[in-house]
Amino acid sequence: MKRSESKSYTLREIVERFGGEVIGDSGTAVGQVATLEKGQPGTIAFLANERYLPQARTTRAGAVILAASMRDATDLPRIACDNPYAYFARVSDLLNPPRQPVPGIHETAVTDATARIAEDAEIGPLSAVGRNARIGPGCAVGPGCMIGDNVVLGKGVLLHANVTIYHDCVIGERVILHSGVIIGADGFGLAMGEGEWIKIPQIGRVVIGDNVEVGANTTIDRGAIDDTVIEEGVKLDNQIQIAHNVRVGAHTAIAACAGIAGSAKVGRHCRIGGASGIAGHIVIADHVEISAHTLITKSIEKPGTYTGAYPFDANREWRRNAAQLRRLDELAARVRTLERKLAALERSKS
Amino acid sequence: MKRSESKSYTLREIVERFGGEVIGDSGTAVGQVATLEKGQPGTIAFLANERYLPQARTTRAGAVILAASMRDATDLPRIACDNPYAYFARVSDLLNPPRQPVPGIHETAVTDATARIAEDAEIGPLSAVGRNARIGPGCAVGPGCMIGDNVVLGKGVLLHANVTIYHDCVIGERVILHSGVIIGADGFGLAMGEGEWIKIPQIGRVVIGDNVEVGANTTIDRGAIDDTVIEEGVKLDNQIQIAHNVRVGAHTAIAACAGIAGSAKVGRHCRIGGASGIAGHIVIADHVEISAHTLITKSIEKPGTYTGAYPFDANREWRRNAAQLRRLDELAARVRTLERKLAALERSKS
Amino acid sequence: MKRSESKSYTLREIVERFGGEVIGDSGTAVGQVATLEKGQPGTIAFLANERYLPQARTTRAGAVILAASMRDATDLPRIACDNPYAYFARVSDLLNPPRQPVPGIHETAVTDATARIAEDAEIGPLSAVGRNARIGPGCAVGPGCMIGDNVVLGKGVLLHANVTIYHDCVIGERVILHSGVIIGADGFGLAMGEGEWIKIPQIGRVVIGDNVEVGANTTIDRGAIDDTVIEEGVKLDNQIQIAHNVRVGAHTAIAACAGIAGSAKVGRHCRIGGASGIAGHIVIADHVEISAHTLITKSIEKPGTYTGAYPFDANREWRRNAAQLRRLDELAARVRTLERKLAALERSKS
């Protein structure tokens, strides 16, 4: 854990900011968050799940955030609130404020003379900013980032080290892109002509809304003709592939290693599991949850949870069942035959 | 979409280049491609699928490329041809010509004195070229690219920003590598010796043929002893993993997130679906199509389509069926018992 | 293959270093390793699998490493030993010694004045080293690497080009990180509050033990509160995702494209197949083997092999079986009905 020299806050100061009720000594000061398991005096932990009730009784943390319904789970000074996990997120953000940009362009950065870079933006060492790019106020561009021609970064964008943004892409306000992210590479647009693939120029852009976060090594391809769009508040984990002309609806969260194929439309407030896939041109409704390792091959019109992972087993059991799976259609036919014969027998008997 | 100031062409000029038949006003000029849905005057769209016939009737595009069989799908000026999608690709390329390299080595690039760099090649800012590397005529090396010792880039290679090529690898002519591509990292070669892994030096190379395109963040490992080979005209999408000593046959296309394990041989003109996998040492014939999310565990000798994704379902249905799947071998045994008993009953009855 | 000018060794010199028994002319000198298939005079190949016995009879290699049990598989000069593959690894390492760092900081590198860099370490061109970072003796930092504040690299660490390490992470001795690796990006920590995701600051670190190797474009996220830990001797292939607070036990090997979700604990000496997944908070015992494309959704307490890939088939067969799979619960119910009816018939008959 980072041993930061962060400022401390009393429980009273915290509830003044974020609401909730202090139970116990409201003058208790906390300077860092911790888990119940490893909490020490001076830290604040949280309890959001009954499974951790025993830990709440034994934790050495200085204070605990918990649900009003579990208000008596500990004798420690505590804050009771409606949504302890979200409350914890806010307290952690208070105690661990994001690093602020250090205004200025590093002497080793290569910025085109036509780029417009806000005075208070930070352009890190060994990064490059292309022609007519616009870097908004409060942006921090990490070392080794390559920003193409005409790219627009809104206010307060944070690019970690080694991010790549191709020409013409548009990034909203307060967006965070992690290292290795590639925005705007060409979509996989190919036409087959006489035994060879012909490349289709990818002339669309990537347009990313406000408050989006994109995890390390995730790739979002530019549109073939129209744009690829990531709406506001979307959260993408690492190693995700978003193909050309996909639209991801606002506040949807996608876990690592998922892949969304070309022109698919994912609704708002969806939760897409790790290593899942969505086929091309599929439409997914709002509030859909897709389990990990699931391939969605048809559009989904109703909210709900959808699953398609093979249940794992010890290899010997898996072998037996998988062998039968390859004969399942035949098995079903045999059951039909049995039903027919049995019905005949029953008739003949009566 | 990029609002380029591109040159316009009349339909007459286009068919003079690419063939096909103009129907309607052959003097109609178009300056950009568009979809039927969003086309505007001055743009040219295409119709390759009967599903879009209604859009062809209402499009505001200035002209349409379509199949001869659908020649009356619109009253707009149009070009009828055999393969409208390939034709569209060629027209789009005409209207959106690739950016040409700007000859010269950027002052911030680090090029070894022994590297041989063609006079008309472009070496972007903050890139590095190693000892004895050879950069062919017409190459464009983007910013932040790291090119190892003895690497060879053929004529007209395009490296987008932040590409990495390890020592000794060979890249053919007109190859395009997108950002984040890693060519020639060590294969996963390990021997187990007394409880610890021993690294096997990976001394082969990666050899990439002409006209290959590799998508963002795709990795191609160098061979363990012999080379890893990507033949001419292969198209790789993003986030693909090609292990050591794989050979991918000419003109095969592989969709995003696929993984090809060590020493597998993929045939020519194959189409490999997204997030599919090919096990090590497998041999896949030419003209094989593999569906998305499919794991190929045995060699495939015949052309055709092969599939192995679990069919997704609403979670409740999936749970029920998956529970039975884990008892499928037992179910098959019960059906065999039923068949035996029923046969005995039938015999006793006759 | 690299045509290195490497030093030659006689078989006698080799067994003096690594043990084993020479059969035939112990003065035979070899300067490079090769496969049986492509071996030439002056190279040494290995035979570890009976499948390759025919190649051992016809190889043109100068010498062969083989198991004592196959000592007569060839008439060539040969070394018989217990574990020919591990022996081969050691011989190849002898003939292909790793490139040694060239001490010094390249003039284009950007190193903070507070960073402590060992005198014999190599800092490549266009790389950056942050505040208070410590680079140990014998380290080689490739071109384009970005090393954050307070990062610690132990002795003899090798970073290939374009590696990114976020602030505060700790890398053990003799670790190898391949290009595109991202260590310490934020974990996917989000709390849902009133329809919008709230980011949870990720204040843990990544701590990597000695002798770990990490493949190209693999990502390892920093811990949310406590650390993400990769124990000594772990080998990670390319394109792997390790989420926050995961612990991977010593000497475990994970194949490409696998994903380990948050807080999962993987045991020691495990082998995790390509594109497999491990769900969050799962615990995997030591010596567990997981097959490719398998999703582990429950903790595994016993060593053994676990599998969960759908068996692929020709698309037509797959369609038939998959359709029945979606009715499997119903099929099982029909079998139960048959069993009941048949039992009634049998009873009525007796």
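Let us now look at the overall build of chain A. Counting its secondary structure elements, chain A contains five helices and 40 strands. Here the C-alpha radius of gyration of chain A, 27 Å, is well above what a compact globule of 350 residues would show, namely 20 Å. The C-alpha extent of chain A, read off along each of the three principal axes, is 90 × 70 × 35 Å. The buried share of chain A, taken over its 350 residues, is 59%. Excluding contacts between residues fewer than 6 apart, the proportion of contacts in chain A whose partners are at least 24 apart in sequence is 20%.

This paragraph deals with the relation of the copies chain A and chain B. Between chain A and chain B, the superposition needs a rotation of 120 degrees and an axial shift of 0.0 Å, giving an RMSD of 0.0 Å. The operation mapping one copy onto its partner corresponds to a three-fold rotation axis.

Strand order across the open sheet formed by nine strands is β10-β13-β16-β19-β24-β27-β30-β33-β36 (chain B), with parallel pairing between neighbours. In this open sheet, the two strands that pair with only one neighbour each are β10 (116–117) and β36 (283–284) of chain B.

Another point: the environment of N96 of chain C. On the secondary structure map, N96 of chain C appears in the loop between α3 (84–95) and β8 (104–105). Along the primary structure N96 of chain C and G262 of chain C are separated by 166 residues, whereas in three dimensions their C-alpha atoms are 38 Å apart.

The next subject is the pairing of strand β21 (residues 182–185) of chain C. Every other side chain in a regular strand lies on the same face of the sheet, so the side chains alternate between the two faces. Where strand β18 (residues 164–165) of chain C meets β21 of chain C, two bridges bridge the pair, whose relative direction is parallel. Looking at the pairing, T164 of chain C lines up with I182 of chain C of β21 of chain C.

This brings us to the packing of helix α5 (residues 328–349) of chain A against helix α4 (residues 315–325) of chain C. The angle between the axes and the distance between the axes are what describe a pair of packed helices. Taken N-terminus to C-terminus, the directions of α5 of chain A and α4 of chain C make an angle of 60 degrees; their axes are 7 Å apart at the nearest point. Accordingly, the angle class assigned to the pair α5 of chain A and α4 of chain C is oblique. Note on element contacts: α4 of chain C touches α5 of chain A through R320, N321, Q324 and L325 of chain C, opposite L328, D329 and A332 of chain A. A per-class count over the contact of α5 of chain A with α4 of chain C returns three nonpolar, two polar and two charged.

The next subject is the environment of C139 of chain B. Mapped onto the secondary structure, C139 of chain B falls in the loop between β13 (134–135) and β14 (140–141). For the pair C139 of chain B and S263 of chain B, spaced 124 residues apart in sequence, the C-alpha to C-alpha distance is 31 Å.

What holds strands together in a sheet is hydrogen bonding between their backbones, with the strands either parallel or antiparallel. Taken together, the twelve strands give an open sheet; going across it, the order is β8(A)-β11(A)-β14(A)-β17(A)-β20(A)-β25(A)-β28(A)-β31(A)-β34(A)-β37(A)-β39(A)-β40(B), and neighbouring strands pair in mixed fashion. One side of each edge strand has no neighbouring strand; the edge strands of this open sheet are β8 (104–105) of chain A together with β40 (313–314) of chain B. As paired strands, strand β28 (residues 235–236) of chain A and strand β31 (residues 253–254) of chain A are joined by two bridges and run parallel to one another. Each residue of the ladder has a partner; that of L236 of chain A, found in β31 of chain A, is I254 of chain A.

All names here are of chain B. The first and last C-alpha atoms of helix α3 (residues 84–95) sit 16 Å apart over twelve residues, in line with the 16 Å expected at 1.5 Å per residue. Most of α3 is tucked away, with ten of its twelve residues classed as buried. All of the buried residues along α3 are P84, Y85, A86, Y87, F88, A89, R90, V91, S92 and L95.

Now for the interface of chain C and chain B. Contact with chain C, which involves 64 residues of that partner, is made by 64 residues of chain B. Taken together, the residues that form the side of chain C that touches chain B break down as 31 nonpolar, 20 polar and 13 charged. Direction of pairing for strand β39 (residues 304–307) of chain B relative to strand β39 (residues 313–314) of chain C: antiparallel, over a ladder of two bridges. For Y306 of chain B, the partnering residue across the bridge sits in β39 of chain C and is A314 of chain C.

With that out of the way, let us pick up the interface of chain A and chain B. On the side of chain B, 64 residues touch chain A, which itself brings 65 residues to the contact. Among the elements of the structure, β21 (182–185), β22 (190–193), β23 (196–199), β26 (219–221), β38 (295–296), β39 (304–307), α4 (315–325) and α5 of chain A are those that each provide at least two residues to the side of chain A that touches chain B. Considering every element that reaches the side of chain A that touches chain B, the biggest residue donor is α5 of chain A, with seven residues. Looking at the side of chain A that touches chain B residue by residue, the class counts come to 31 nonpolar, 22 polar and twelve charged.

Taken residue by residue, chain A gives an average pLDDT of 96. The fraction at 70 or more is 98%. Reported confidence for the predicted complex is 0.96 by ipTM and 0.97 by pTM.

Below, the discussion takes up unusual backbone geometry. Positive phi values are uncommon outside glycine, yet H281 of chain A reaches one of about 70 degrees. Tracing the backbone shows H281 of chain A in the loop between β35 (277–278) and β36 (283–284). The backbone of S263 of chain C shows a phi angle near 65 degrees, a positive value even though the residue is not glycine. Along the chain, S263 of chain C falls in the loop between β32 (259–260) and β33 (265–266).

On to the pairing of strand β7 (residues 78–81) of chain C, then. Residues and elements named next belong to chain C. What you see with β7 is no split at all: R78 and A80 on one side and I79 and C81 on the other are buried throughout. Of the pairings in the sheet, the one linking strand β2 (residues 21–23) to β7 comprises three bridges and is antiparallel in character. Its bridge partner being in β7, E21 is matched across the sheet by A80. Looking at chain direction, strand β6 (residues 63–67) and β7 are connected through four bridges and run parallel. Paired with I65 across the strands is I79, a residue of β7.

Right, let's talk about the environment of W197 of chain A for a bit. Positionally, W197 of chain A belongs in strand β23. The class for W197 of chain A is buried, based on 21 C-beta atoms found within 10 Å. Each residue touching W197 of chain A, except ones within four places of it in the same chain, is listed here: L190 and M192 of chain A together with G233, K235, H251 and A253 of chain B.

Procedures and definitions
- Residues numbered from 1 in each chain as written.
- Chains lettered and ligands numbered in written order.
- Predicted model: local features only at pLDDT ≥ 70, side-chain atom pairs only at ≥ 80, totals over all residues.
- Helix = DSSP H or I, 4+ residues; strand = E, 2+ residues; numbered from the N terminus.
- Rg over C-alpha atoms; globule rule 2.2 N^0.38 Å.
- Buried ≥ 20, exposed ≤ 12 C-beta atoms within 10 Å, placed from the backbone.
- Contact = placed C-beta atoms within 7 Å.
- Least-squares fit on C-alpha atoms with pLDDT ≥ 70 in both.
- Pairing = 2+ DSSP bridges.
- Axes fitted to C-alpha atoms, helices over the stretch in contact; angles between N-to-C directions.
- Parallel < 35°, antiparallel > 145°, perpendicular 65-115°, else oblique.
- Nonpolar A, V, L, I, M, F, W, Y, C, P; charged D, E, K, R; others polar.
- Expected span 1.5 Å × (residues − 1).
- pLDDT = per-residue confidence, 0-100.

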